[in-house]
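Read off the chains here:
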Amino acid sequence: MKMKLNLKKYIADALAKGARDAIIINAKDIVLDPRTMLKCRFGCTGWGHNWTCPSAPGAVTVWEFGQIIKHYKKALLIHTHDKRLAQEISFTIEQKAYMDGAYFAFSLSDCAVCKECRYPKPCRAAKKARPAMQAVGIDVFSTVRKQGLTLKTLKAKDEQQNWYSLVLID
């Protein structure tokens, strides 16, 4: 028998921790697109240099994630202006959801645990590091915009960055 979770409390928790926005979305509204791998592999300086990258040994592939996501019903989409904060909030919510009985809760967020990844040396925070949404094939732009939130390509380095993380909740 599946227990009913109070998903609204995760929204309140995320906002209390500093999120600009936090909304529950249907997992079926998460947009997958394998072209994210092109941008990761040929557009990111982190390719081949960190443990949460799709190039890392044992990383979940876009095609594997396409099968995994089918088993989730809801997700918490979290918006911040700080990469580290986005990851901290999503990981904390993942842990709370797990303790509430959602034992398959899983956060996806650009990793900001360490200032610099030790790759290929063992990860210092293997239990906390999570892949970014785009690293598993999520089209972050389409997913975010579908929910009426803001995400645009930055034209200058001094523009305010929007960071999004996601907590999958079963």
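Structure: above.
These figures come from a predicted structure and were not determined experimentally.

Thresholds, definitions, all that
Residues numbered from 1 in each chain as written. Predicted model: local features only at pLDDT ≥ 70, side-chain atom pairs only at ≥ 80, totals over all residues. Heavy atoms only, no water. 1 Å grid on protein atoms, 1.4 Å probe; cavity = no way out; pocket = protein on both sides within 12 Å on 5 of 7 lines; lining within 4 Å. Points joined across faces, edges and corners; volume = space filled by probe spheres on them. Helix = DSSP H or I, 4+ residues; strand = E, 2+ residues; numbered from the N terminus. Nonpolar A, V, L, I, M, F, W, Y, C, P; charged D, E, K, R; others polar. Buried < 20%, exposed > 50% of the residue type's maximum accessible area, 1.4 Å probe, protein only. Arc of directions from axis to C-beta. Contact = heavy atoms within 4.5 Å. Pairing = 2+ DSSP bridges.

Focus: the layout of surface pockets
The calculated volume of the largest pocket comes to roughly 1,500 Å³. Along the walls of the largest pocket sit 47 residues, with Cys44, Asp110, Ala132, Gln134 and Trp163 positioned nearest its centre. When contributions to the lining of the largest pocket are tallied by element, the ones reaching two or more residues are helix H2 (36-43), helix H4 (83-99), helix H5 (140-146) and strand E4 (163-169). At four residues, H2 tops the list of elements feeding residues into the lining of the largest pocket. In the lining of the largest pocket, the residues fall into 24 nonpolar, eleven polar and twelve charged.

Considering helix H1 (residues 8-16)
Among the residues making up H1, those that are buried are Tyr10, Ile11 and Ala14. The buried residues of H1 all sit within an arc of 105° when viewed along its axis, so they share a single face. The exposed set on the far side of H1, more than 90 degrees from its buried face, consists of Lys8 and Ala16. The inward-facing, buried residues of H1 abut strand E1 (21-26), strand E2 (74-80), H4 and E4.

Here's the deal with the pairing of E2
For E2, the buried fraction is high: six of the seven residues fall into the buried class. Taken together, the six bridges between E1 and E2 define a ladder with antiparallel strand orientation. Bridging from a neighbouring strand, Asn26 pairs with Lys74 of E2.

A closer look at unusual backbone geometry
The peptide bond linking Tyr119 to Pro120 adopts the cis configuration, its omega dihedral lying at 10°. Topologically, Pro120 is positioned in the loop between strand E3 (106-108) and H5.

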